[in-house]
Amino acid sequence: MGGTITSKAKSFGISKQEVWKVYLKVKANKGACGVDEESISDFEKDLKNNLYKLWNRMASGSYFPPPTRTVKIPKDNGGTRVLSIPTVSDRIAQMVIKTKLEPRLEPYFHSSSYGYRPGKSALEAVGKAREKCWRYDWVLDIDIEGFFDSIDHSMLMKALAKHTDCKWILLYVKRWLKAPAQLEDGTMLGRNKGTPQGGVISPLLANLFLHYAFDEWMKRNCPCVPFERYADDIIVHRVLSASVHS
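Along each chain, residue indices are assigned from 1 in the same order as the chain's sequence is written. Side-chain atom pairs in this predicted model are given and counted only at pLDDT of 80 or more, local residue features only at pLDDT of at least 70, and totals for whole chains, interfaces and linings cover all residues. In computing side-chain values, all of the structure's heavy atoms are included and hydrogens and water are not.

Points about the pattern of salt bridges
A side chain with one charge can pair with a side chain of the opposite charge if their charged atoms come near.
Now for step 1: Salt bridge criterion: a side-chain nitrogen from Lys or Arg within 4 Å of a carboxyl oxygen from Asp or Glu. Taken as a whole and judged by the stated rule, the model has seven salt bridges.
Now for step 2: For E18, the salt bridge is made with K100, and the minimal N-O distance between the two is 2.8 Å. With E18 in helix α1 (residues 16–29) and K100 in helix α4 (residues 88–105), the pair connects residues that are 82 residues apart, well separated along the chain.
Now for step 3: Per-residue accessibility, obtained with a 1.4 Å probe over protein chains only, is compared with the maximum for each type, and a residue is labelled buried under 20%, exposed over 50%, and partly exposed between these values. For K100, a relative accessible area of 24% gives the class partly exposed.
Now for step 4: Close ionic contact of K132 with E228 constitutes a salt bridge, the shortest N to O distance being 3.4 Å. One end of the pair, K132, is in helix α5 (residues 122–133); the other, E228, is in strand β6 (residues 227–230), and 96 residues separate them in sequence. Both residues of the pair, K132 and E228, count as buried. Numbered from the N terminus, helices here are DSSP runs of H or I no shorter than four residues, and strands are runs of E no shorter than two.

In structure tokens form, the structure reads like this:
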């Protein structure tokens, strides 16, 4: 699957080299096992064949994502966060699409959006918020409850279609959104909304949704009101004194 291997013609423009490169990224990111209990080490025992099968299915349109494995992790506030862990193969597949899609979306994203973006960080968002807190009288702290689990699929796909007409990107994103989740007791839970938190492509899709649902809304309706957004955590600044300006 190295750089010297050429690909036979397929319906979708995905090369073996692309699959190989994103596999290296997934390996570097590590990650837990999915529903098949296969680790990256297990996947690598038949690496060439596993990558070939994945490429062949993705490039022909016959790839269907397996269910995700649901894991609950504790939150600082005493609650729990539900993560949906894809299999190793599915993480690679999602990374293929993310690598294709991210450069198309990045130029449109708001400069005050900091979460899960290349060259952006939580530390930068905190620094900007601290800076503006000295210049503005009030802040509105927003955390959208259950955001990842409640995204409207039709609205998300509509937003995605504004930025790409690539039918296989749209096809695979739709399949990932609909892929079921396996609960800890083995029960399969179907999805009709949300993008599973824990997936490789989910943060990018979440940013796309909030780009229109929040960032662009603020730009149209409150153009002089600054904010910082890190995924669904948002701080909005408000000035009361007429003598203070942005």
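Considering the sheet that holds β6
Now for step 1: A pair of strands is labelled paired if DSSP reports no fewer than 2 bridges between them. In spatial order, the strands read β3-β7-β6; together these three strands make up an open sheet with antiparallel pairing. Edge strands, defined here as strands with exactly one partner in the open sheet, are β3 (138–143) and β6. In this sheet, neighbouring strand axes are inclined to one another by 10° on average, regardless of whether the strands run parallel or antiparallel.
Now for step 2: The pairing of β3 with strand β7 (residues 233–238) spans six bridges and is classified as antiparallel. By the bridge assignment, W138 is partnered in β7 with R238.
Now for step 3: Where α5 meets the sheet, its contacts fall on β3, β6 and β7, and the angle it forms with β6 comes to roughly 160°.
Now for step 4: A contact between two residues is defined here by any heavy atoms of the two lying within 4.5 Å. Lines fitted to C-alpha atoms define the axes, with helix axes restricted to the stretch in contact, and inter-axis angles between N-to-C directions lie between 0 and 180 degrees. Running over the sheet, helix α9 (residues 202–221) touches β3, β6 and β7 and is turned about 170° from β6.

Let's talk about the side chain of H153
Now for step 1: Tracing the chain through its elements places H153 in helix α7 (residues 153–161).
Now for step 2: Under the relative-accessibility criterion, H153 is labelled buried at 7%.
Now for step 3: Beyond its immediate sequence surroundings of up to four residues, H153 is in contact with L177, K178, R191, N192, K193 and G194.

Concerning unusual backbone geometry
Leave glycine aside and you will find that most residues have negative phi; peptide bonds, for their part, are mostly trans.
Now for step 1: Positive phi values are uncommon outside glycine, yet E37 reaches one of about 60°.
Now for step 2: Classification of E37 by relative accessible area gives exposed; the value is 63%.
Now for step 3: The phi dihedral of Y116 is positive, around 55°, even though this residue is not glycine.
Now for step 4: Secondary-structure assignment places Y116 in the loop between α4 and α5.

Comments concerning the environment of P118
Now for step 1: Within the element layout of this structure, P118 appears in the loop between α4 and α5.
Now for step 2: Since its relative accessible area comes to 47%, P118 is described here as partly exposed.
Now for step 3: Sequence separation of P118 and D149 is 31 residues, and the distance between their C-alpha atoms is 24 Å.
Now for step 4: Among residues more than four places away in sequence, those in contact with P118 are E102 and E106.

Examining the sheet that holds strand β2 (residues 80–85)
Now for step 1: Spatially, four strands are ordered β2-β1-β4-β5 in an open sheet, and the strand pairing comes out mixed. Every other strand in the sheet has two partners, leaving β2 and β5 (188–189) as the edge strands with one partner each.
Now for step 2: Pairing geometry for strand β1 (residues 68–74) and β2, over six bridges, is antiparallel. The residue of β2 that forms the bridge with V71 is L83.

A word on the packing of aromatic side chains
Now for step 1: When the centres of two rings from Phe, Tyr and Trp lie within 6.5 Å, Trp using its six-membered ring, the rings pair. Their planes under 30 degrees apart give stacked, over 60 give edge-to-face, and anything left gives tilted. Per the stated rule, a full pass over the model turns up 11 aromatic pairs.
Now for step 2: Between Y116 and Y230 the ring centres are 5.5 Å apart and the planes differ by 50°, which places this aromatic pair in the tilted class. Residue Y116 is located in the loop between α4 and α5, and its partner Y230 is located in strand β6; the two are separated by 114 residues in the primary sequence.
Now for step 3: Exposure remark for Y116: the relative accessible area of 41% places this residue in the partly exposed category.
Now for step 4: Y230 sits in the partly exposed class, given a relative accessible area of 26%.
Now for step 5: Judged by centre distance (6.2 Å) and plane angle (55°), the ring pair of F147 and F209 falls under tilted. Here F147, found in helix α6 (residues 147–150), pairs with F209, found in helix α9; they are 62 residues apart in sequence, far enough to count as distant. Side by side, F147 and F209 carry an identical accessibility label, which is buried.
Now for step 6: Its guanidinium or amino end placed over the ring of W55, K16 lies 5.0 Å from that ring's centre, counting from NZ or CZ.
Now for step 7: A ring has a charge above it when a Lys NZ or an Arg CZ is no more than 6 Å from the ring centre and no more than 35 degrees off the ring normal. One residue, R175, lies across the ring of F64, its end atom 3.7 Å from the ring centre.

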